[in-house]
Amino acid sequence: MERRAANFERSHLLQRTRSAHRRVEGALAMAVRLTDDPDKTARLARQYCKPCHYEERLAGQAITKQPCASCGTPHTYSSTLTDDLCLQCARKHELCKRCGGDIEIRTDRTDWPV
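In what follows, the accompanying structure is described. (Residues numbered from 1 in each chain as written. Predicted model: local features only at pLDDT ≥ 70, side-chain atom pairs only at ≥ 80, totals over all residues. Heavy atoms only, no water.)

1. What to know about the side chain of Arg 43
Tracing the chain through its elements places Arg 43 in helix 2 (residues 40–46). There is a polar contact of 2.7 Å between the side chain of Arg 43 and the side chain of Asp 37. (Helix = DSSP H or I, 4+ residues; strand = E, 2+ residues; numbered from the N terminus. Polar contact = N/O pair within 3.5 Å; in protein donor to acceptor, adjacent residues only side chain to side chain.)

Here it is, written out as structure tokens:
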């Protein structure tokens, strides 16, 4: 594969610099949200860990069925953005409903569900 040289005009460089600046600002804003947890009540009501609540994710447009990873009960989602666990199992085991990790991101747990 061969690619052409990148555009080296002033307008291109300025656009790329602005884009880089927006990415830095977005990362810093995300760090504040992860640190301050401004939506903690809503996040815990949904049973999501901080990254699953605050980070944006893309989904495909397809009705998707997926069973809970713990109890096996099938659930239907309006897109391909599915959760690993049902709300009951996530709460029971103190796990994130979306990713299945510890709700408080504790890596030193010894009581992981089997």
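There's plenty left to go through after this.
2. Regarding helix 1 (residues 10–36)
For helix 1, built from 27 residues, the straight-helix expectation of 39 Å at 1.5 Å per residue is met to within 8% by its first-to-last C-alpha distance of 39 Å. Taken together, the buried positions of helix 1 are His 12, Ser 19 and Met 30. Elements in contact with the buried residues of helix 1: helix 3 (50–54). The first or second residue beyond helix 1 is Asp 37, which carries a positive phi of 50°. (Expected span 1.5 Å × (residues − 1). Buried < 20%, exposed > 50% of the residue type's maximum accessible area, 1.4 Å probe, protein only. Contact = heavy atoms within 4.5 Å.)

3. So, the environment of Arg 91
Position of Arg 91 relative to the elements: it lies in helix 4 (residues 87–93). What makes Arg 91 partly exposed here is its relative accessible area of 44%. Setting aside residues up to four positions removed in sequence, Arg 91 forms contacts with Leu 44, Ala 45 and Gln 47. Here the side chain of Arg 91 touches Ala 45 through a polar contact of 2.8 Å, landing on its backbone oxygen.

4. Things to note about the environment of Val 32
With respect to the secondary-structure elements, Val 32 resides in helix 1. You can call Val 32 partly exposed: its relative accessible area is 47%. Taking C-alpha positions, Val 32 is 11 Å from Tyr 54, a pair spaced 22 residues apart along the chain.

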